[in-house]
Structures are given as C-alpha cells and as structure tokens.
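Letter by letter, the chains look like this.
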Amino acid sequence: MGFCASCGYTLTGNENFCPSCGNKSVNGNNYTQSKKTFSYEFSSKLILGGNVFTPDRLNINQDGVTFLKRNKYLIGVDRSFLSFSDISYVKVDRRLISSTVIISSKGSRGIRAENFSISDAKKIEKIIRDNR
Ligand SMILES: [Zn+2]
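Rules used throughout
- Residues numbered from 1 in each chain as written.
- Predicted model: local features only at pLDDT ≥ 70, side-chain atom pairs only at ≥ 80, totals over all residues.
- Heavy atoms only, no water.
- Pairing = 2+ DSSP bridges.
- Helix = DSSP H or I, 4+ residues; strand = E, 2+ residues; numbered from the N terminus.
- Donors = N, O, S within 2.8 Å, 3.2 Å for Na, K, Ca; no water.
- Tetrahedral: all angles 85-135°; square planar, octahedral: opposite > 155°, others 65-115°.
- Buried < 20%, exposed > 50% of the residue type's maximum accessible area, 1.4 Å probe, protein only.
- Expected span 1.5 Å × (residues − 1).
- pLDDT = per-residue confidence, 0-100.
- Contact = heavy atoms within 4.5 Å.
- Axes fitted to C-alpha atoms, helices over the stretch in contact; angles between N-to-C directions.
- Salt bridge = Lys/Arg side-chain N within 4 Å of Asp/Glu carboxyl O.

Topic: the pairing of strand 4 (residues 57-61)
Across 5 bridges, strand 3 (residues 39-43) lies against strand 4 in antiparallel orientation. By the bridge assignment, Ser-39 is partnered in strand 4 with Asn-61.

Some remarks on the coordination of the zinc ion
Coordination of the zinc ion by the protein involves Cys-4 (SG), Cys-7 (SG), Cys-18 (SG) and Cys-21 (SG), with metal-donor separations of 2.3 to 2.4 Å. For the zinc ion, the 4 donor atoms are set out with angles of 106 to 113 degrees between them, so the coordination reads as tetrahedral. On the primary sequence, the residues serving as donors to the zinc ion are separated as C-x2-C-x10-C-x2-C. Classification of Cys-21 by relative accessible area gives partly exposed; the value is 37%.

Observations regarding helix 2 (residues 118-131)
Across its 14 residues, helix 2 extends 20 Å between first and last C-alpha, which sits within 8% of the 20 Å expected from 1.5 Å per residue. For helix 2, the complete set of buried residues consists of Ile-118, Asp-120, Ala-121, Ile-124, Glu-125, Ile-127, Ile-128 and Asn-131.

So, the confidence of the model for the chain
When pLDDT is averaged along the chain, the result is 84; 83% of the residues meet or exceed 70. In the model, residues 30-34 has pLDDT below 50 throughout and makes 10 contacts with residues more than four positions away in sequence or in other chains.

Details of the sheet that holds strand 6 (residues 77-83)
Pairing is antiparallel across the open sheet formed by 4 strands, whose spatial order is 3-4-5-6. The outermost strands of the open sheet, each flanked by one partner alone, are strand 3 and strand 6. Neighbour to neighbour, the strand axes of the sheet diverge by 15 degrees on average, direction disregarded. Summarising the sheet, strand 4 and strand 5 (residues 64-70) pair through 5 bridges and their orientation is antiparallel. Directly across from Leu-58, in strand 5, lies its bridge partner Phe-67. Contacting strand 3, strand 4 and strand 5, helix 2 crosses the sheet at an angle of about 150 degrees to strand 3.

Here's the deal with the pairing of strand 7 (residues 87-94)
Note that strand 7 and strand 8 (residues 99-105) share 7 bridges and pair antiparallel. In the strand pairing of strand 8, Lys-91 is matched with Ile-102.

A look at the pattern of salt bridges
One pass over the structure, following the stated rule, counts 9 salt bridges. As a salt-bridge pair, Arg-57 and Glu-41 come within 3.3 Å of each other at their nearest N and O atoms. With Arg-57 in strand 4 and Glu-41 in strand 3, the pair connects residues that are 16 residues apart, well separated along the chain. Here Lys-45 ties to Asp-120 by a salt bridge, and the two come within 3.4 Å at their closest N and O atoms. Here Asp-120 lies in helix 2 and Lys-45 lies in the loop between strand 3 and strand 4, a separation of 75 residues in the sequence. We classify Lys-45 as partly exposed; its relative accessible area is 31%.

Describing the side chain of Thr-66
Topologically, Thr-66 is positioned in strand 5. Classification of Thr-66 by relative accessible area gives buried; the value is 13%. Discounting chain neighbours no more than four positions away, the residues touching Thr-66 are Arg-57, Leu-58, Asn-59, Arg-79, Ser-80 and Phe-81.

This is the structure in structure tokens:
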C-alpha cells in the first residue's frame, strides 16, 4: 500500500496507474518500465585478458541479467541469471584498463563479470540501476 506521488490517492500497490489521476509511475512500481522489452549484450574484451576462445557475455533484458561464463574446464558454459528484483546492488570495480562488474544478489550467488571495458561496465551499471 502507498500513495500516489502525484495526487496522494491511497493505492493498494497492485495498480498499473493511479485510478484517481492516471499517474503511471505509482508508488515506486515499474509497470511502465517493465512492459518495455529491451536487450543489451556485452562481451568481455579478449585483449584485456578475457578467455581467448569464448569471451564472457552479459545479457541484460527487461527480466534481468544473464551472465554466461566459460567454466574453468572449458567444457561448458556457466549461466547465472538474476532478476532485477533479486539484485541488491551493482558496482564497478574499476582497474586501469578494464573493469569488474559486481552484481550482488539478495538470495542466490551474485555475478562477478571480469574484464569488461570501463565504458561497457558503466553502461551495465546504469542499465541495472535504472531497472532495479
Ligand atoms: Zn494520483
């Protein structure tokens, strides 16, 4: 339960919009955002020390973040998925020429994506913060 930020109407929290004034961004829910679909893909940079055969990949869409990482035996890919609601924080550990994106989860294991370019890491951080 909450109140419409625009007119103060009492909301149950299940509304897509305020029944009183029509405000679509009611009480912190992201109905308007989550209906939009989008998809971004980022790859770790080979020249920065990422795996030569398959770079690690980070996909972000409207549902959350998927991290695909070649496992250490090089026989498969470890896939981790975090929905935006599971993410407790995201931060970028910035090095000289590359960055590690650390995505922390409330429940399960988080994601640690290494060797991404600094500009990609910043984009990843912003997309997650905007959708969380
Ligand atoms: Zn309202």
